[in-house]
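Results of the structural survey
Residue-level listing of the chains:
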Amino acid sequence: MKEPLLFRKGIPFFFHKTEADFQKDPYERYDSMVLRQSALHLADDLWERYPFQPVFDFAAEYYASFYDSQILETGCGTGRWIATLAKRFPDASCYGIDYSYQMLKRAKEFWIDGKEVFIDLSGQGFLEAIKTRGGQLKNLDLGLAKAEELPFDNNSMDVLINSFLLDRLDDPYKGLQEMYRVLKPKGILILVTPLNFKQAVQWNAFYPPEKLSVLLDKMGFTILKWQEDIMVEEPLDVHGNRLNWKCLGLVAQKLV
Ligand SMILES: C[S@@+](CC[C@H](N)C(=O)[O-])C[C@H]1O[C@@H](n2cnc3c(N)ncnc32)[C@H](O)[C@@H]1O
């Protein structure tokens, strides 16, 4: 990682996020985002099974080769995916980047500081709050940065992962270019996205998904795996209401 601009409660900032930026970022809101993401990713006891397991499973056959790799997750949120890899591969160096300070604060207290966290979903009908604890991972570093402006050198990562990020970016193309830039030659990109773009210009650029495939090819990636129907059921409440996400998953290798 490059030198941070500043630290806030142990979280390095690589981007100057102003008070106005904080105000307009929905991912800084506690109940709707941090609590919700914590419940989805850190409190499996609330649900019959971990709702995002299909994201993890999609490229699981590649994981074994990551045992001593430099692994970066962009848009790591509360950190479940990157922390799972950090736990599994103690000799790997793992990094999680997100633009939300509140998400990173939660990820740090849960996965690095070993603090117990309370997840109170009474607003969704769960009568008892969950108390849960992650770990004290030594090989995981977190930082606030934009996926479109990563604080890493060119050709520095063996693996880059992200899920539910691409369609949230203001500039997905720039995000992809950054992924390519920081990956080493032969480095692996694992990307899972519901392609739920917010702007017409992005739908035009990246949909149908073949357009993304052509773009990755032009950038210098070769596609190793491609699946357009990874189904993720995101639970909403104790009654069993759900959101259904139909995700594209891809594994791509940087050629040179
Ligand atoms: C829908 S959440 C997904 C979190 C996690 N990856 C998952 O699959 O559940 C989107 C995450 O991307 C982060 N994010 C949004 N825009 C970003 C950007 N430009 N750069 C880095 N992270 C960003 C948000 O703060 C949030 O944590």
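Scroll up to find the structure this text is about.
Reference entry: report on the structure contained in this document. (Residues numbered from 1 in each chain as written. Predicted model: local features only at pLDDT ≥ 70, side-chain atom pairs only at ≥ 80, totals over all residues.)

Counting its secondary structure elements, the chain contains eight helices and 11 strands. Over its C-alpha trace the chain gives a radius of gyration of 18 Å, about what one expects of a compact globule, namely 18 Å for 256 residues. The principal-axis extents of the C-alpha atoms in the chain amount to approximately 50 × 40 × 40 Å. For the chain, buried positions account for 38% of its 256 residues. In the chain, the share of contacts with a sequence separation of at least 24, taken over all contacts with a separation of at least 6, comes to 71%. (Helix = DSSP H or I, 4+ residues; strand = E, 2+ residues; numbered from the N terminus. Rg over C-alpha atoms; globule rule 2.2 N^0.38 Å. Buried ≥ 20, exposed ≤ 12 C-beta atoms within 10 Å, placed from the backbone. Contact = placed C-beta atoms within 7 Å.)

A few words now on the packing of helix 2 (residues 30–42) against helix 5 (residues 101–112). At a minimum axis distance of 10 Å, the contact between helix 2 and helix 5 shows a crossing angle of 35°. As for the relative orientation of helix 2 and helix 5, their crossing is right-handed in sense. Facing helix 2, whose interface residues are Tyr 30, Val 34, Gln 37, Ser 38 and Leu 42, helix 5 presents Gln 102, Met 103, Arg 106 and Phe 110. Looking at the contact of helix 2 with helix 5 residue by residue, the classes come out as five nonpolar, three polar and one charged. (Axes fitted to C-alpha atoms, helices over the stretch in contact; angles between N-to-C directions. Left-handed = near helix turned anticlockwise from the far one by under 90°. Nonpolar A, V, L, I, M, F, W, Y, C, P; charged D, E, K, R; others polar.)

What follows covers the nonpolar core. If you look at the biggest cluster of nonpolar residues, it comprises 64 residues, and the most contacted ones within it are Ile 71, Ile 82, Leu 160 and Leu 189. Among all residues touching Leu 160, those that are not within four sequence positions of it are Leu 72, Thr 74, Met 179, Val 182, Leu 183, Gly 187 and Leu 189. (Core = buried A, V, L, I, M, F, W, Y, C linked by C-beta atoms within 7 Å.)

Below, the discussion takes up helix 6 (residues 172–182). Among all positions in helix 6, only Pro 172, Gly 175, Leu 176, Glu 178, Met 179 and Val 182 are buried. The arc enclosing the buried residues of helix 6, seen along the axis, measures out at 160°, which places them on a common side. Packed against the buried residues of helix 6 are strand 3 (70–74), strand 8 (157–163), strand 9 (183–193), helix 7 (200–206) and helix 8 (210–219). (Arc of directions from axis to C-beta.)

The next subject is the environment of Pro 172. In this fold, Pro 172 is placed in helix 6. Taking the number of C-beta atoms within 10 Å as the measure of exposure, Pro 172 has 23 and is therefore buried. Separated by 34 residues in sequence, Pro 172 and Phe 206 have C-alpha atoms that sit 9.0 Å apart. The contacts of Pro 172, once residues within four sequence positions are left out, are Leu 166, Asp 167, Gln 202 and Phe 206.

A few words now on the environment of Val 251. Summarising the element assignment, Val 251 is placed in strand 11 (residues 242–254). When the C-alpha positions of Val 251 and Ser 213 are compared, they lie 11 Å apart, and in sequence the two are 38 residues distant. The contact partners of Val 251, leaving out residues within four places of it in the chain, are Ala 59, Tyr 62, Ile 188, Ile 190, Leu 224 and Lys 225.

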